[in-house]
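Architecture and fold: a report
Spelled out from the first residue to the last, the chains are:
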Amino acid sequence: NLWTASVLTLFPEAFPGPLGLSLAGRGLARGLWALEVLDIRDFARDKHRSVDDTPLGGGPGMVMRPDVVDAAIEAIAERPGPLVYLTPRGRLLDQALVREFAAGPGLRLLCGRYEGVDQRVLDAREVLEVSVGDFVLSGGEMAALVLLDAVVRLLPGVMGNAESAAEESFEEGLLEHPLFTRPAEWQGRKAPEVLLSGHHEKVRRWRRAQAEDVTRQRRPDIWRRYLASRESGEKDEG
Ligand code: ADE
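Attention here is on the structure that accompanies the text. On a predicted model such as this, the values are computed, not experimentally measured, just so you know.

Within the protein, the regular secondary structure consists of nine helices and nine strands. If you line up the protein on its principal axes, its C-alpha atoms span 70 × 40 × 40 Å. Across the protein, the fraction of contacts at a sequence separation of at least 24, relative to all contacts at a separation of at least 6, is 75%.

The next subject is the pairing of strand 5 (residues 83-92). In the sheet, strand 5 pairs with strand 6 (residues 106-110) via three bridges, with the strands oriented parallel. Bridging from a neighbouring strand, Val 84 pairs with Leu 109 of strand 6. Of the pairings in the sheet, the one linking strand 5 to strand 7 (residues 127-131) comprises six bridges and is parallel in character. Note on strand 7: the bridge partner recorded for Tyr 85 is Glu 129.

Moving on to the sheet that holds strand 6. Sheet architecture is open: five strands sit in the order 2-1-6-5-7, paired in parallel fashion. Sheet topology places strand 2 (34-39) and strand 7 at the edges, where each strand pairs with a single neighbour. Neighbour to neighbour, the strand axes of the sheet diverge by 35° on average, direction disregarded.

Calculation rules
Residues numbered from 1 in each chain as written. Predicted model: local features only at pLDDT ≥ 70, side-chain atom pairs only at ≥ 80, totals over all residues. Helix = DSSP H or I, 4+ residues; strand = E, 2+ residues; numbered from the N terminus. Contact = placed C-beta atoms within 7 Å. Pairing = 2+ DSSP bridges. Axes fitted to C-alpha atoms, helices over the stretch in contact; angles between N-to-C directions.

Right, here's the structure in full:
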């Protein structure tokens, strides 16, 4: 019942990558979560070990073969969690979906080259398509690393200070307030007086007002959702 990520990729050396460092890496080393990486090329059957072919109907690039991808998926059929295919065509990742993934038993991640995977294998398997943003990466690996970093830091014990995850902007449905540290004055710029006051309630109110201001100014989409969730008296779901 250890939270486990099983990754299918043509570039297994991309993992754990930066997930081997910092909080996620320490959590991995301490056995708070597990990472299994499978090379899709190991599921190629012909002597050339081919994993892709030219697109039917013509056009640039290569498409990953359905038989090879299906065999790779079959190899992790018993692994825990939803099967996620990283693609810019997918559902946009947000903190609500990250929380769902962290609350589950794990994830199975399919990384493709960006020209993509034959549609039939996506139809034949129960695949959840997820995008990490409205831009195109050259493959799913970096998207998988982004998704895993966001999820793993929410797993019990991974984040050093249990409060820091809950106190963040997105958990409140707002962007974060600005941060300051010592020195209290730097190059003639003073840190806000209230932060030196030792008055915790005043600090809390100031930060909340700052978070609301920056959210209203920069992200009207998030601001509207925040207002709506306050009105209904519910906690924001991302
Ligand atoms: N693969 C290529 N671009 C991607 C993106 N933006 N999100 C998820 N997977 C991708």
